[in-house]
Amino acid sequence: KYLRPCVDVVPTDLEPDAESGEYPTLVIQVKGTRAKVVSSGKFYSAKSFILGFWNNLLGMGGFVRDRRKAKKNWQERMSKEEEIKRLTEEKKRKRAEAAGRQ
């Protein structure tokens, strides 16, 4: 059985050998890590530079796309604000006319 580091618990209920009174040998095998160590020389390779440049281009394209959607939403909000402003001015004008008649 493989034990996962920092997750599994080593069993404590081992029974001693009836004849010798000693506990059986417990062998723990830990799997090696899967992460590969990359030297800094490979990190700054031409391939990583090109992939980074491509990733930046995709990000800029996404930014432009999302900005267009946001602009449409902003224009809708501003038109609603103008409508609210117009209705508020109408109410104030009607109140002023009603107060002037009395």
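Look up a bit, the structure's there.
Residues numbered from 1 in each chain as written. Predicted model: local features only at pLDDT ≥ 70, side-chain atom pairs only at ≥ 80, totals over all residues. Heavy atoms only, no water.

With that out of the way, let us pick up the overall build of the protein. A tally of helices and strands in the protein yields two helices and zero strands. Counting over 102 residues, the protein shows a buried share of 2%. For the protein, the exposed surface amounts to about 10,600 Å²; the carbon and sulfur share of it is 57%. (Helix = DSSP H or I, 4+ residues; strand = E, 2+ residues; numbered from the N terminus. Buried < 20%, exposed > 50% of the residue type's maximum accessible area, 1.4 Å probe, protein only. Areas by Shrake-Rupley, 256 points an atom, 1.4 Å probe, with all protein chains shown as cover.)

On the surface, a nonpolar cluster with roughly 550 Å² of combined accessible area is contributed by F53, W54, L57, L58 and M60. Locating M60 in the fold gives a position in helix α2 (residues 46-101). (Patch = residues over 30% accessible without salt bridge, like charges linked within 9 Å, V, L, I, M, F, W, Y side chains within 5 Å. Salt bridge = Lys/Arg side-chain N within 4 Å of Asp/Glu carboxyl O.)

For the structure shown, the criterion picks out four salt bridges. E90 is paired through a salt bridge with R86; the nearest N and O atoms lie 2.5 Å apart. Remark: R86 and E90 occur in helix α2; sequence separation between them is four residues, near one turn of the helix. Under the relative-accessibility criterion, E90 is labelled partly exposed at 27%. Residues joined by salt bridges that share partners form a network here, namely E83, R86 and E90.

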